[in-house]
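# A closer look at the structure
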Amino acid sequence: MAEDSDLEKTESATPRRLQKAREEGQIVRSRELSTFALLAAGFFGVWGMSDSIGEHLQGMLRASFTFDHATVFETRRMLIGAGAAGREGLYALLPILAFTGAAALLAPMALGGWQLSSKGLEPKFNRLNPIEGLGKMFSINGPIQLGMSLAKTLVVGGIGGSAIWNRREEILALATQPLQLALANTVHLIAVCCGMTVAGMFVVAALDVPYQLWQFHKKLRMTKEEVKREHRESEGDPHVKGRIRQQQRAIARRRMMTHVPKADVVVTNPTHFAVALQYTDGEMRAPRVVAKGVNLVAARIREIAAENNVPLLEAPPLARALYHNVDLNREIPGPLYGAVAEVLAWVYQLRRFNTEGGVAPVAPTEFDVPADLDKGGVPDDEAEQEAADVLNPAVNPDNDDASGASA
């Protein structure tokens, strides 16, 4: 049952899926909305520009039915008159054409916006397959489209027919009215009937738009497995990314070991913690932690320090404070200046003793370490894993420099 649920398209389309569909030319479209926009633009354009349109049409009719006996048989004059009549008609309809053209361009933007995609122009020969065409005709979408077409016809036709039927007496009375009054009333009746028809198309468009939105998003629904796969493709497999980060950390920590021979002193716990400090007068503002570790890593740091004659000093509170509060290659914080200064003073005395002889310096044992910096305790499992990463030879140490830089 769980596998079946994973194969069902129950999840909404992701932004990436929507963007891909848009690039392929699949966007929401409502023909009823476009039809309503065209009819509304034409109706209101004629209504608002009726005076200008009437003047142009009167001029066209006057010029067309005015004859001059001297020139009526000249073909050239007839062509000039036809051209003038055509220009007047164009001037009369130009505003309406502008309104309807703007409506045709702006109506699609109300749903899916403009989309220019060459994929929509690519030939698809499967559309010529008669079996597939019959399948679409007898699919569930066919009866729905047929029902919507019938509903549109009934709504628009019913509203338009009702408008005409309710004004049948006014229409019949036009034959008994004077010409000027009859023309004015005719224009009024036509405007009312057209306005009712546009209102009917508005009802149809209001029903079609939600259906098209629902149909579009239903078509792009995804299964849970598709959502997971897309997430992995866009963000990367979390297991692989975690393994990469783990290897990068391991490489960076192994590179850390190369700095232990350059350290001035290694402060130990003495068992669990080890922190290597380095200070160069004139180049550093304060001593810096160049290596640190716990358990196996701490033992390795002590081993390398002993091999390279780096002094080891047992200072448990200071070692714990440095390990927990200072990152690699970072300077020590101000509250530890005093304690570290005592350690470095002992290191310098030890160097002088090794080169000049004399009385051996006594290692300090008491350190002024703030209690809030000494977290104490034994390293946790994460520290143990870090130690395993450092000592794990699975990663090629020859690539430490290149990979460690990225880490």
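Bear in mind that the values here come from a model prediction, so they are computed numbers and not experimental data. (Residues numbered from 1 in each chain as written. Predicted model: local features only at pLDDT ≥ 70, side-chain atom pairs only at ≥ 80, totals over all residues. Heavy atoms only, no water.)

A full pass over the atoms with the stated rule returns 3 salt bridges. With its nearest N and O atoms 3.4 Å apart, the salt bridge here joins Arg-285 to Glu-331. With Arg-285 in the loop between β2 (273–278) and β3 (288–294) and Glu-331 in strand β5 (residues 330–331), this pair connects stretches of sequence that are 46 residues apart. Residue Glu-331 is classed as partly exposed on the basis of its relative accessible area, which comes to 26%. Glu-303 serves as the salt-bridge partner of Arg-300, at 3.1 Å between the closest nitrogen and oxygen. With a gap of 3 residues between them, Arg-300 and Glu-303 both fall in helix α12 (residues 296–307), about one helical turn apart. Its relative accessible area of 39% is what places Glu-303 among the partly exposed residues. (Salt bridge = Lys/Arg side-chain N within 4 Å of Asp/Glu carboxyl O. Helix = DSSP H or I, 4+ residues; strand = E, 2+ residues; numbered from the N terminus. Buried < 20%, exposed > 50% of the residue type's maximum accessible area, 1.4 Å probe, protein only.)

Moving on, we get to the pairing of strand β1 (residues 265–268). Covered by surrounding structure in β1 are Val-265 and Val-267 together with Val-266 and Thr-268, the residues of both alternating faces. Relative to β2, β1 runs antiparallel, the two being bridged by 4 bridges. What sits directly across from Thr-268, in β2, is Ala-274. Summarising the sheet, β1 and strand β4 (residues 312–314) pair through 3 bridges and their orientation is parallel. In the strand pairing of β4, Val-266 is matched with Leu-312. (Pairing = 2+ DSSP bridges.)

Of note, Arg-330 is situated in strand β5. Residues Arg-330 and Arg-288 lie 42 residues apart in sequence; the distance between their C-alpha atoms is 5.4 Å. Residues within four places of Arg-330 in sequence aside, it is in contact with Pro-287, Arg-288 and Val-289. (Contact = heavy atoms within 4.5 Å.)

This brings us to a nonpolar patch on the surface. A surface patch of nonpolar side chains, amounting to about 490 Å² of accessible area, comprises Leu-90, Tyr-91, Leu-93, Leu-94 and Leu-97. With respect to the element layout, Leu-90 can be found in helix α5 (residues 75–106). Using a relative accessible area of 44% as the deciding quantity, one classes Leu-90 as partly exposed. (Patch = residues over 30% accessible without salt bridge, like charges linked within 9 Å, V, L, I, M, F, W, Y side chains within 5 Å. Areas by Shrake-Rupley, 256 points an atom, 1.4 Å probe, with all protein chains shown as cover.)

Below, the discussion takes up the packing of aromatic side chains. The full count for this structure, using the stated rule, is 4 aromatic pairs. For the ring pair Phe-36 and Phe-202, a centre distance of 5.5 Å and an interplane angle of 55° mean the geometry is tilted. Residue Phe-36 is found in helix α3 (residues 31–48), and its partner Phe-202 is found in helix α9 (residues 179–219); the two are separated by 166 residues along the sequence. For Phe-36, a relative accessible area of 19% puts it in the buried group. (Phe/Tyr/Trp six-rings, centres within 6.5 Å; stacked < 30°, edge-to-face > 60°.)

Read across the open sheet, the 5 strands follow the order β4-β1-β2-β3-β5; overall the sheet is mixed. Here the strands that pair on one side only, and so sit at the sheet edges, are β4 and β5. Against the sheet, helix α13 (residues 316–325) engages β1, β2, β3 and β4, with an angle of about 75° to β2. (Axes fitted to C-alpha atoms, helices over the stretch in contact; angles between N-to-C directions.)

A word on α3. The terminal C-alpha atoms of α3 lie 25 Å apart, and with 18 residues this matches the ideal 26 Å at 1.5 Å per residue to within 8%. Turning to α3, its buried residues number three or more, namely Glu-32, Leu-33, Phe-36, Ala-37, Ala-40, Ala-41, Gly-42, Phe-43 and Gly-45. (Expected span 1.5 Å × (residues − 1).)

Within the largest apolar cluster, 27 residues are counted, with the highest numbers of intra-cluster contacts made by Leu-277, Leu-318, Leu-322, Leu-336 and Phe-367. At the level of elements, β1, β2, β3, α13 and α14 (337–356) are the ones that each hand at least two residues to this core. When residues of this core are assigned to their parent elements, the largest contribution, 7 residues, is made by α14. Discounting residues that sit within four places of it in the chain, Leu-336 has contacts with Leu-318, Ala-321, Leu-322, Val-369, Pro-370 and Leu-373. (Core = buried A, V, L, I, M, F, W, Y, C linked by side-chain atoms within 4.5 Å.)

Let us now look at the side chain of Thr-268. Residue placement: Thr-268 occurs in strand β1. With near-sequence residues (within four places) excluded, Thr-268 lies in contact with Phe-273, Ala-274, Arg-302, Leu-312, Leu-313, Glu-314, Ala-315, Pro-316 and Ala-319.

Once that is clear, we can look at the environment of Ala-85. Mapped onto the elements of the fold, Ala-85 is located in helix α5. Separated by 28 residues in sequence, Ala-85 and Leu-57 place their C-alpha atoms 8.9 Å apart.

Another point: the confidence of the model for the chain. Should the pLDDT be low somewhere, the predicted coordinates at that spot are not to be read in detail. Taken as a whole, the chain shows an average pLDDT of 75; of its residues, 76% reach a score of 70 or greater. Ignoring residues within four places in sequence, the model shows residues 381–385, a span with pLDDT below 50, making 4 contacts including any to other chains. Contacts of residues 387–407 to residues separated by more than four positions or lying in other chains number 28 contacts, the stretch itself having pLDDT below 50. (pLDDT = per-residue confidence, 0-100.)

Bringing the packing of α3 against α9 into the picture now. The contact between α3 and α9 brings their axes to 8 Å, and the two run at 155°. When the axis of α3 is compared with that of α9, the two are roughly antiparallel. In this structure, the crossing between α3 and α9 has a hand that is left-handed. Across from Arg-31, Glu-32, Leu-33, Thr-35, Phe-36, Leu-39, Ala-40, Phe-43 and Trp-47 in α3, the residues of α9 making contact are Ala-191, Cys-194, Gly-195, Val-198, Met-201, Phe-202, Val-204, Ala-205, Asp-208 and Val-209. (Parallel < 35°, antiparallel > 145°, perpendicular 65-115°, else oblique. Left-handed = near helix turned anticlockwise from the far one by under 90°.)

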